[in-house]
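Below, each chain spelled out in residue letters.
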Amino acid sequence: MKSKFKSAAIIVISALFFASCSTAPKEETAAKPAFDLDKAKVEIQAMEDAFAAAEKAKDAKAVAAYYSEDAISYSRNEEPTKGRAAIEDSIGKRIAKDTSGTYSVYKVVDLFGDEDMLVEVGSWTNMTAAGEEKNHGHYMSYFQKRDGKYQCVRDMNVTSMPAK
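It should be emphasised that the depicted structure is a prediction, and the values quoted were computed from it without experimental measurement. (Residues numbered from 1 in each chain as written. Predicted model: local features only at pLDDT ≥ 70, side-chain atom pairs only at ≥ 80, totals over all residues. Heavy atoms only, no water.)

Remarks on the sheet that holds strand β6 (residues 149-159)
Read across the open sheet, the six strands follow the order β2-β1-β6-β5-β4-β3; overall the sheet is mixed. Edge strands, defined here as strands with exactly one partner in the open sheet, are β2 (81-82) and β3 (103-113). The sheet contacts of helix α2 (residues 37-56) involve β1 (67-74), β3, β4 (117-127), β5 (133-146) and β6, and relative to β3 the element is tilted by about 155 degrees. (Pairing = 2+ DSSP bridges. Helix = DSSP H or I, 4+ residues; strand = E, 2+ residues; numbered from the N terminus. Contact = heavy atoms within 4.5 Å. Axes fitted to C-alpha atoms, helices over the stretch in contact; angles between N-to-C directions.)

Here it is, written out as structure tokens:
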């Protein structure tokens, strides 16, 4: 009886050993190209430049194109603005009131993330029509890639100037 048990145990152990040694053929998968953060930085800077140009042209719709439909923007001295349409309306009201000729310059300072989402830390400078600095500060923008392009889903900005 013991001999039959030993034989059965050896067969089971051998079967398990050979089964563990065999490997199923691996499926060939195309290598995914490495994410190029420097290329993404150029893309985000182009978005910031388009944002600034649209602000200067007083084109609220073009400014709002930066944002996703469900974006939330956290601006200085006001409650958060929710949704692209509300952001466009808020920007439209702000730029319609501005008769000073001031404009803003935005610069990507740092960028973190991958091909699906990015977080940008940037600086902004508000310039007078004569090209002199009026105000400056920083912002953070969170982007998601949707339909093949980055869209700002959340942003927040602060001034670096002392309170008056």
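We are not done yet, so read on.
Quick look at the side chain of Asn-126
Position of Asn-126 relative to the elements: it lies in strand β4. Apart from residues no more than four positions distant in its own chain, Asn-126 is found in contact with Thr-102, Tyr-103, Ser-104, Glu-132, Glu-133, Lys-134 and Asn-135.

Considering the environment of Ile-95
Examined against the element boundaries, Ile-95 turns out to sit in helix α4 (residues 84-97). As for Ile-95 and Ala-60, which are separated by 35 residues in sequence, their C-alpha atoms are 7.7 Å apart. Those residues in contact with Ile-95 that sit more than four places away from it in its chain are Glu-55, Lys-58, Asp-59 and Ala-60.

Brief notes about the nonpolar core
The biggest cluster of nonpolar side chains holds 23 residues, and the ones touching the most others in it are Ile-44, Tyr-66, Tyr-67, Ile-91, Leu-118 and Phe-143. Listing elements by their share of this core, those giving two or more residues are α2, α3 (60-64), β1, α4, β3, β4, β5 and β6. Per-element tally for this core: the top contributor is α2, with six residues. In this view, Leu-118 contacts Phe-35, Leu-37, Ala-40, Ile-44, Leu-111, Phe-112, Gly-113, Ser-141, Tyr-142, Phe-143 and Tyr-150; residues no more than four positions away in its chain are not counted. (Core = buried A, V, L, I, M, F, W, Y, C linked by side-chain atoms within 4.5 Å. Buried < 20%, exposed > 50% of the residue type's maximum accessible area, 1.4 Å probe, protein only.)

Purely geometric stuff here, so don't read any function into it on its own.
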